[in-house]
Amino acid sequence: MIKLHQVSKSFSQFQAIKSVSLTINKGEIHGIIGASGAGKSTLLRLMNLLEIPDEGEVEVNGAKLTSLNSKSLRQARKSIGMIFQHFNLVANKTVYDNVLIALELASYPKAEQRDRVEECLQFVGLKQLKDKYPAQLSGGQKQRVAIARALANNPQVLLCDEPTSSLDPNTTAEILGVLENINKTLGVTIVIVSHEMEVIKSICNRVTVLADGEVYETVLIEPNGIKAVDNSPNYFVEQLKDGERDHA
Ligand SMILES: Nc1ncnc2c1ncn2[C@@H]1O[C@H](COP(=O)(O)OP(=O)(O)OP(=O)(O)O)[C@@H](O)[C@H]1O
């Protein structure tokens, strides 16, 4: 589904990605983990050519992105959705309009746009909030809007750059549940960059460990499931008291 062949990327003199070759299979949830600065976000952004590689080839869903002209690249990008740590919603547009933008930019048939926005908002459980603005939403709700927007054009692939890193543990579990549902019910291939080992272990089938711009190892794993965390005040008090006993 995604093939990187000897892809390199430098920023000025600094080589952030060093001749990386990597295949991500159709239907998998693929994690990318590594230390800060290892090149995780850059590698993800190379997959939809948000970063243009200096060398190497990028192929997604049979299209060699690195060989396409800008018009064909725009077309190919419709099959690749992306979400970000800080959601990247348009502040002065409603939830509904934030999703609509994706359809307008992709010249989705006008007569079908309304139904498609409603369908996507329904899928992420936000239909009733469609007239709200981003500032009126929680972090988890904002990420759901971003997911609805990313899904609008029926992508085959969803690239997720630290999708839960701004969220509390329970909201993280919720968003991971939404991503897992997208993978299972829509068959969308998912790539998740995260520095959180628990996130990666909970839903990924295969994980690439990146170090200093190179693939250190790709590991096949059995996802251990999404764990909701007890958010009750009593739980916090218990945890704090346990900590006190540990230090006594
Ligand atoms: N646009 C840019 N201009 C200059 N340097 C950049 C740019 N983007 C990334 N880098 C550098 O490339 C390296 C890899 O960055 P990247 O964001 O991909 O790492 P990361 O593994 O995602 O790190 P983190 O977990 O801290 O986000 C870093 O040293 C970073 O400073």
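Keep in mind that this is a model prediction, so the values were computed, not measured.

Caption draft 1: Just the packing of helix α3 (residues 95-105) against helix α5 (residues 139-151), in detail. The geometry of α3 relative to α5 is characterised by a closest axis approach of 8 Å and an angle of 30° between their N-to-C directions. With respect to α5, the element α3 is oriented roughly parallel. Viewed along their axes, α3 and α5 form a crossing whose handedness is right-handed. Contacts between α3 and α5 involve V95, N98, V99 and A102 from the first element and V145, A148 and R149 from the second. For the contact of α3 with α5, a count of residues per class yields five nonpolar, one polar and one charged.

Caption draft 2: Up close: the pattern of salt bridges. Under the definition given, this model contains seven salt bridges. Here E51 ties to R45 by a salt bridge, and the two come within 3.3 Å at their closest N and O atoms. Taking the relative accessible area as the measure of exposure, R45 reaches 25% and is therefore partly exposed. For the salt bridge of E119 with R116, the shortest nitrogen-to-oxygen distance reads 2.9 Å. One end of the pair is E119 and the other is R116, both in helix α4 (residues 110-123) and three residues apart, which spans about a single turn. Residue classification places E119 among the partly exposed positions, given a relative accessible area of 47%. For R116, a relative accessible area of 11% corresponds to the buried category. Counted as one network, the salt bridges with shared partners bring together E118, K127 and K130.

Caption draft 3: Expanded view of the pairing of strand β2 (residues 14-24). In terms of strand pairing, strand β1 (residues 2-11) meets β2 through seven bridges, oriented antiparallel. Residue K9 lies in a different strand from β2, and its bridge partner there is I17. Linking β1 back to β2 in an antiparallel pair, the connection comprises two residues, with S12 at a positive phi of about 50°.

Caption draft 4: Here's a closer look at the site of the ligand. Every residue close to the ligand is listed here: F11, F14, A16, A35, S36, G37, A38, G39, K40, S41 and T42. One of the side-chain N or O atoms of S36 is found 2.5 Å from an oxygen atom in the ligand. Within the complex, 57% of the 630 Å² of free accessible area of the ligand lies under protein. Those elements giving two or more residues to the shell around the ligand turn out to be β2 and α1 (40-46).

Caption draft 5: Representation of the nonpolar core within the structure. With 42 residues, the main nonpolar core has I83, V99, I147, L158, L179, I182 and I190 as its most contacted residues. Secondary structure elements with two or more residues in this core: β3 (29-33), α3, α4, α5, β7 (157-161), α6 (169-186), β8 (189-193) and α7 (197-203). Core analysis: the second largest hydrophobic core is formed by 28 residues, M47, V60, V157 and L210 among them.

Caption draft 6: Structural context of α6. End to end, α6 covers 25 Å across 18 residues, agreeing with the expected 26 Å (1.5 Å per residue, within 8%). Restricting attention to buried positions, one finds in α6 the residues N170, T171, T172, A173, I175, L176, V178, L179, I182 and N183. Where α6 terminates, the next one or two residues include G187, which has phi positive at roughly 70°.

Caption draft 7: A look at unusual backbone geometry. Notably, S107 is not glycine yet its phi reads approximately 50°, a positive angle. Here S107 shows up in the loop between α3 and α4. Positive phi, close to 55°, is recorded for N154, a residue that is not glycine. Counting through the fold element by element, N154 comes out in the loop between α5 and β7.

About the criteria used
- Within each chain, residue numbers correspond to sequence positions counted from 1 in written order.
- Owing to the predicted nature of the model, reporting of local features is limited to residues with pLDDT of at least 70; listing and counting of side-chain atom pairs is limited to 80 or more, with chain, interface and lining totals taken over all residues.
- Side-chain measures here rest on the full set of heavy atoms in the structure, leaving out hydrogens and waters.
- To get an axis, a line is fitted to the C-alpha atoms, and for a helix only the part in contact is used. The angle between two axes follows their N-to-C directions and goes from 0 to 180 degrees.
- Counting from the N terminus, the helices are DSSP H or I runs at least four residues long and the strands are E runs at least two residues long.
- With respect to orientation, any angle under 35 degrees is reported as roughly parallel, any angle over 145 as roughly antiparallel, any angle of 65 to 115 as roughly perpendicular, and every other angle as oblique.
- In this scheme, a crossing is called left-handed if the near helix is turned counterclockwise away from the far one by less than a right angle; it is called right-handed if the turn is clockwise.
- Note on definitions: a residue-residue contact is assigned when non-hydrogen atoms from the two residues lie within 4.5 Å.
- Polar here means any residue other than Ala, Val, Leu, Ile, Met, Phe, Trp, Tyr, Cys and Pro, which are nonpolar, and Asp, Glu, Lys and Arg, which are charged; Gly is therefore polar.
- Salt bridges are identified by distance alone: a Lys or Arg side-chain nitrogen within 4 Å of an Asp or Glu carboxyl oxygen.
- Only protein chains enter the accessibility calculation, which uses a 1.4 Å probe; a residue whose area is less than 20% of its type maximum is buried, one above 50% is exposed, and one in between is partly exposed.
- The pairing criterion for strands is at least two bridges between them, as found by DSSP.
- Proximity is defined per residue: if any heavy atom of the residue lies within 4 Å of a molecule or strand, that residue is considered near it.
- Definition of a polar contact: a pair of N or O atoms within 3.5 Å, with one able to donate and the other able to accept a hydrogen when the atoms are protein atoms, and with sequence-neighbouring residues admitted only if both atoms are side-chain atoms.
- Surface accessibility in these figures is a Shrake-Rupley result with a 1.4 Å probe; residues are shielded only by whichever protein chains are displayed.
- In this text, buried Ala, Val, Leu, Ile, Met, Phe, Trp, Tyr and Cys residues form a nonpolar core when linked through side-chain atoms within 4.5 Å.
- How far a helix is expected to stretch is found by multiplying one less than its residue total by 1.5 Å.

In short, the description is geometric, and any link to function would need to be established separately.
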